[in-house]
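# Remarks on the overall topology
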Amino acid sequence: MIGVDKASCTVADSFIPVDLADEASIKQCLVQLPFEVDGLCNIAGIAPTHPAPLVLKVNFLGLRVLTLGVIEKMNRGGSIVNLASLAGSGWPRSLSQIQALIDTTDMSNVEDFCCQHAISTQPGRSYYLSKEALIFWTIKNCWQWRDRDIRMNCISPGPVETPLLTQFLQAEDEHQQENNRLMDRNAVPGDIAPLVSFLQSDDSHWLRGINIPCDGGLASHYMTQKYS
């Protein structure tokens, strides 16, 4: 197992540093990665307490650059698992903005994108958009690499007890406050990890381009509230 992150990863057998907000850093990381990669888990992310351009770079644009580079080194039958979020569940209502972000192929242009779409003026919007785009991109590419039998799927957790959740609480995110009111507890990483492992295993070989809520029932609750 190879850990790829900005900070050192103690659970991995080896570690390669990378800054997902810096395309040159991503390319340097890709040079160091071996060939014959079996799977990729895109788990890193930052909260909207950071500047909007940085959130979009780390949570989607840089993730995409890394993923496309890893695919070139991936074995036939490989699996990609993207950690999105319940925050991205509104993606069908944001398709024009999502497509504009997907069309932003030069990471140096993300500041202009944020200005054009007033992302920085909307509290939390950068994070929600990054996860909406990640879900849509996963779905849209369900058959992109099927000639090599490579699949990509998404997991959308609700609140998980990680340092990222602490940053959301600091931002006084109203959606997070509502989630806390509804749930008897937040998830812990151990609630999400088995699903990641399953999507990396051969047992999930016929799952392609799907987004699985892993949120203790929050997505179902919101859906029934919306359509009841």
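Data block above holds the structure.
A quick note: this is a predicted structure, and the numbers were derived from the prediction, not measured. (Residues numbered from 1 in each chain as written. Predicted model: local features only at pLDDT ≥ 70, side-chain atom pairs only at ≥ 80, totals over all residues. Heavy atoms only, no water.)

So, on to the pairing of strand β5 (residues 151–157). Among the seven residues of β5, seven are classified as buried, and the element is accordingly described as predominantly covered. Neither face of β5 is open: one carries R151, N153, I155 and P157, the other M152, C154 and S156, and all of them are buried. Pairing of strand β4 (residues 74–83) with β5 involves five bridges; the strand directions are parallel. For L83, the partnering residue across the bridge sits in β5 and is I155. Sheet topology note: the β5/strand β6 (residues 211–214) ladder contains four bridges and is parallel. (Buried < 20%, exposed > 50% of the residue type's maximum accessible area, 1.4 Å probe, protein only. Helix = DSSP H or I, 4+ residues; strand = E, 2+ residues; numbered from the N terminus. Pairing = 2+ DSSP bridges.)

Here we take up unusual backbone geometry. Positive phi, normally seen in glycine, also occurs at E36, with a value near 65 degrees. Residue E36 is classed as exposed on the basis of its relative accessible area, which comes to 62%. You will see that D149, though not glycine, has its phi angle at about 60 degrees, which is positive. The topology assignment puts D149 in the loop between α5 (125–140) and β5. Accessibility expressed as a relative area gives 29% for D149, which makes it partly exposed.

The next point concerns the packing of aromatic side chains. For the structure shown, the criterion picks out three aromatic pairs. Seen from their ring centres, F60 and W137 are 6.0 Å apart, and the 85 degrees between their planes marks the pair as edge-to-face. Here F60 is found in helix α2 (residues 52–71), whereas its partner W137 is found in helix α5, with 77 residues between them in sequence. The buried category is assigned to W137, whose relative accessible area is 6%. For the pair Y127 and Y128, a centre-to-centre distance of 6.3 Å together with 85 degrees between the ring planes defines the contact as edge-to-face. Pair check on accessibility: Y127 and Y128 agree, each one buried. The residue whose ring lies beneath K73 is F35, and the NZ or CZ to ring-centre distance is 4.9 Å. The lysine or arginine in question, R146, covers the ring of W143, its NZ or CZ lying 4.1 Å from the ring centre. (Phe/Tyr/Trp six-rings, centres within 6.5 Å; stacked < 30°, edge-to-face > 60°. Lys NZ or Arg CZ within 6 Å of the ring centre and 35° of its normal.)

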